[in-house]
Amino acid sequence: MSEQPVLHVDNVSKRFGSLVAVRDVSLTVGKGELRAVIGPNGAGKTTFFNLISGFFPPSAGKIIFDDRDVTRLSAQQRVKLGMGRTFQITEIFPELSVFENVRVATEVANGYGLRPWLSKTESADLRRRIDEVIAMTGLSARADRLVGELAHGDQRAAEIAMALALRPHLLLLDEPTAGMGDQETYEITQLIRKLHKDSNLTIVLIEHDMRVVFHLADRITVLDQGKLLAQGTPQEIAANEAVQAAYLGKAA
Amino acid sequence: MTTLLLFNITNGLIIGAFYVLMALGLSLILNLSNVINFAHGGFLVIGGYIAWTLSPYLGFWGSLIVAPFLTAIIGLIIERFMIRRLYGRDPLYSLLLTFGFAFIIEDGTRYIWGAQGKPVSVPAILAQPLSYDFFFLTGYRVFMVAVVAIAVVVLFVLLRYTRAGVRIRAGTLDLETVAALGVNVRALRSLNFAVGIYLAGLSGVLASGQLGLESTMGTGLLMPSFIAIIVGGVGSLTGTLLGGLLIGVASGITTVFLPQASEAVMYVIMALVLLIRPRGLLGEEGMMT
Amino acid sequence: MRLAVVAGMWILLALAPFWMPFLGGYTALGTRVLVLALAAMSVNFLLGFTGVLSFGHAAWFGLGAYGCGLSLKFLAFSTPLGLLMGTLLGGVAGALLGALMVHRRGVYFAMVTIAFGQVFYYIAFQWSSLTGGDDGLRGFARQPIELGFLRFDILHDDRAFYYFVLICFAIIVSIMGFILRSPFGHTLIAIRENERRARFLGIPIERHIWIAFTLSCFFMAFAGSLYALVNNFADPRGLHYSLSGDFVIMAVMGGMRSFWGPLLGAVLFEVLQDYISSVTVNWMSFIGMLVVVVVLFFPRGILGLVRQPRAA
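Residues numbered from 1 in each chain as written. Chains lettered and ligands numbered in written order. Predicted model: local features only at pLDDT ≥ 70, side-chain atom pairs only at ≥ 80, totals over all residues. Heavy atoms only, no water.

**Q** Just checking my understanding: could you explain the side chain of Ser-251 of chain B for this structure?
**A** Within the fold, Ser-251 of chain B resides in helix α10 (residues 237–257). Other than its neighbours up to four places away in sequence, Ser-251 of chain B contacts Ser-262 and Val-265 of chain B. (Helix = DSSP H or I, 4+ residues; strand = E, 2+ residues; numbered from the N terminus. Contact = heavy atoms within 4.5 Å.)

See the structure below:
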């Protein structure tokens, strides 16, 4: 991981009126790294993600993606540059099948968004790619089911499939295991691990489930009340007293 | 020339005041409940007809006070039992519902009160002009503006200083947070709707004194109300107030120079606003979704 | 199975002039309903498939009608030219104004579309020297179609005109279906399903909505042009938002999420309106009540009851 970083967030802050949700946070993620962002509730994690993915612009600071300043770019533009994202509350197309969900993502990724028709070769390639992505996320058996009717875990997987179809350089996962039982958590964790190891994807994820974090993460970033509290390997973070205090303090 | 201009500007202000009364009610309902009340004109007509029905018993002043309340109650019933069921859904459905109600009300008033227009008499003291220099300022028109002014002031005071009013304003900006704070959002919406309809009913009583009564008169006032809201800026009641006065006055001034264009000028202003400042004069960014 | 139903539908449409009289109908009624169905389907292209609520869409319909009528009256005695002029007038106006409106959503978009629609209504009303004002535009008629040595007298032959309209209907509807099945069409459906997710797939939302809007305006204007030919007449009511409301109701009644829903809705709505207005003078109340009932109890429309929600 000594090449240029995929993501470099430089001292970003976000203010909503007088409320400071994120304050001077910096972070650097290298190629192929899996970074977990953790912190107590209200730490500003999702706001931080929103800044990275372009949901809204930062009040201060810069965001550099693949050596390119994307701070002023819209969410759509950042997606086009290779940022994929999933949401805390799964955002999918409920009344379309898994196949159709992934299809539109793949079509857009291939630049077919405005096309009235596809050639035979293009259609075939498209089909192959869609099946590939669906297989990667283990949903092949359910490809023709409506996503809105799937179990929660499968919906999450479908959302990840859509993000994958975009061929992202960076995958942002916002609480992928939220609302899941043990079995589903295990399956999603395995999926993420597979994507990380087999496809060498750079992943940043927000998580509350510590088992998942310690199982997957190369490095961990801890946020508390919008500020950067600590950064390091899982072992360093586990031993960090300030981190423990932040979590215990919130629980008390 | 100046008298003519003065006449028309004053006329414009009077018309504008009227648009304001209608538009404010529409705006209240739009802002909090995300509903375009197509039936707003219908409630205006109901208000006028109820006042007409009551005036033999309560007199002009009595029905002026009572009719809007009764109209608001009818509105409340419709909101509680029908519109409320549609809040979670696509805004299309509440739109269609009020659209359907507009038909029902227009035909219903025709059925109940007959297809002929009804003449409305106002108390003698109001019918006279205030002075012979300003012959165009009949007492009634001044009275109308006065009533509108009082209503607007009362509305703004209620919104600013009562608990319900503050909640309504907060709900317009962020309904989720208001709900999370434990406020009964459904009751709030009902109250808000009732206030909006009250204003429509009041408009109807006032209008009837000036224009007489007729089943279709409400629809003609719906479009200027829309324009007032768009021009003033969605989400802002003060904007609606300004918007209504602006188009009223513009309309009045245009009558002097180009009478046929007096209605068109409203649309021209709207188009200009949408081109130059799409969120309206006092509208806020991000209020458009 | 679905193919059989659609095929059956086309057969019914093709044979309409023959079976309609048995049900108390007549060919010209069928022609009119077909045109209105096309309008309802054009609105639904935007409403049911892109998820955009345009409540002022009659404006483009009316513009198409006036464009066609004016062309036949002042330009040339040519039906195809009339259709072209009407379609261009409504379509181009829609494209230009659409650019102004496209950044809004939901009810605010609906409000602006209504207001702009009323501008055209007002113009048609006031500019009576050109448009005939409230009395409407008259003095033109659909011209027979000459194709080499073949002559289709659509002016005097009701049946010939019906088939002419049916062919036009088939062409436009095929284009619509084609677009909805294309990658571009998929992005529209995505926008309808979940705009935020569509944005985060990299779809330029406003641009796609504008294109969909423009396309639906062209379809609508074409329908309006045909409508002018139905009665050789165009009037301001064709521009009024209440007509827009009618089209939306047709789409909702038949089933917004289904391609053929609006056709069914148009047939039903017209038949009901015809029947009710012949039975009572208070037909407006009944239409209003019908709308209320549909909205409260059958929001998915008839076809929504019959089958599972599916994409096009």
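**Q** Any chance you could explain the sheet that holds strand β2 (residues 19–29) of chain A here in plain terms?
**A** Strand pairs in the sheet, formed through backbone hydrogen bonds, run parallel or antiparallel to each other. All names here are of chain A. Sheet architecture is open: 4 strands sit in the order β2-β1-β4-β5, paired in antiparallel fashion. For this open sheet the edge positions go to β2 and β5 (68–69), each flanked by a neighbour on one side alone. In this structure, strand β1 (residues 7–16) lies alongside strand β4 (residues 60–65), joined through 5 bridges in antiparallel fashion. Looking at the pairing, Asp-10 lines up with Lys-62 of β4. Packed onto the sheet, helix α1 (residues 45–53) meets β1, β2 and β4 and runs at close to 120° relative to β1. (Pairing = 2+ DSSP bridges. Axes fitted to C-alpha atoms, helices over the stretch in contact; angles between N-to-C directions.)

**Q** Would you mind showing me how to read the interface of chain B and chain C here?
**A** Put simply, an interface is often sized by how much accessible area is lost when its parts join up. The partner chain C presents 41 residues to the 46 residues of chain B that form the contact. Carbon and sulfur atoms make up 77% of the area that chain B and chain C hide from each other, which totals about 3900 Å². Our count for the contact surface shared by chain B and chain C stands at 0 salt bridges. Between chain B and chain C we count 5 residue pairs in polar contact (both at pLDDT 80 or more) in total. Broken down by secondary-structure element, the contributors of at least two residues to the side of chain B that touches chain C are α1 (2–33), α3 (91–113), α9 (217–232) and α11 (264–276) of chain B. The dominant element in the side of chain B that touches chain C, judged by the number of residues it contributes, is α3 of chain B, at 16 residues. A per-class count over the side of chain B that touches chain C returns 32 nonpolar, 7 polar and 7 charged. (Buried area = accessible area lost by both parts, 1.4 Å probe. Salt bridge = Lys/Arg side-chain N within 4 Å of Asp/Glu carboxyl O. Polar contact = N/O pair within 3.5 Å; in protein donor to acceptor, adjacent residues only side chain to side chain. Nonpolar A, V, L, I, M, F, W, Y, C, P; charged D, E, K, R; others polar.)

**Q** Please explain the packing of helix α4 (residues 58–75) of chain C against helix α5 (residues 79–101) of chain C as it appears in this structure.
**A** Each pair of packed helices can be summarised by the angle the axes make with each other and by the distance between the axes. Residues and elements named next belong to chain C. Between α4 and α5, the least distance of the axes is 7 Å, while the angle of their chain directions is 140°. Note on packing geometry: the crossing formed by α4 with α5 is right-handed. Residues Trp-60, Leu-63, Gly-64, Gly-67, Cys-68, Ser-71, Leu-72 and Leu-75 of α4 lie in contact with α5, whose contacting residues are Thr-79, Leu-81, Gly-82, Leu-83, Met-85, Gly-86, Leu-89, Gly-90, Ala-93, Gly-94, Leu-97 and Met-101. Partitioning the contact of α4 with α5 into residue classes produces 12 nonpolar, 8 polar and no charged. (Left-handed = near helix turned anticlockwise from the far one by under 90°.)

Such coordinate-based values are descriptive only and should not be taken to indicate function.
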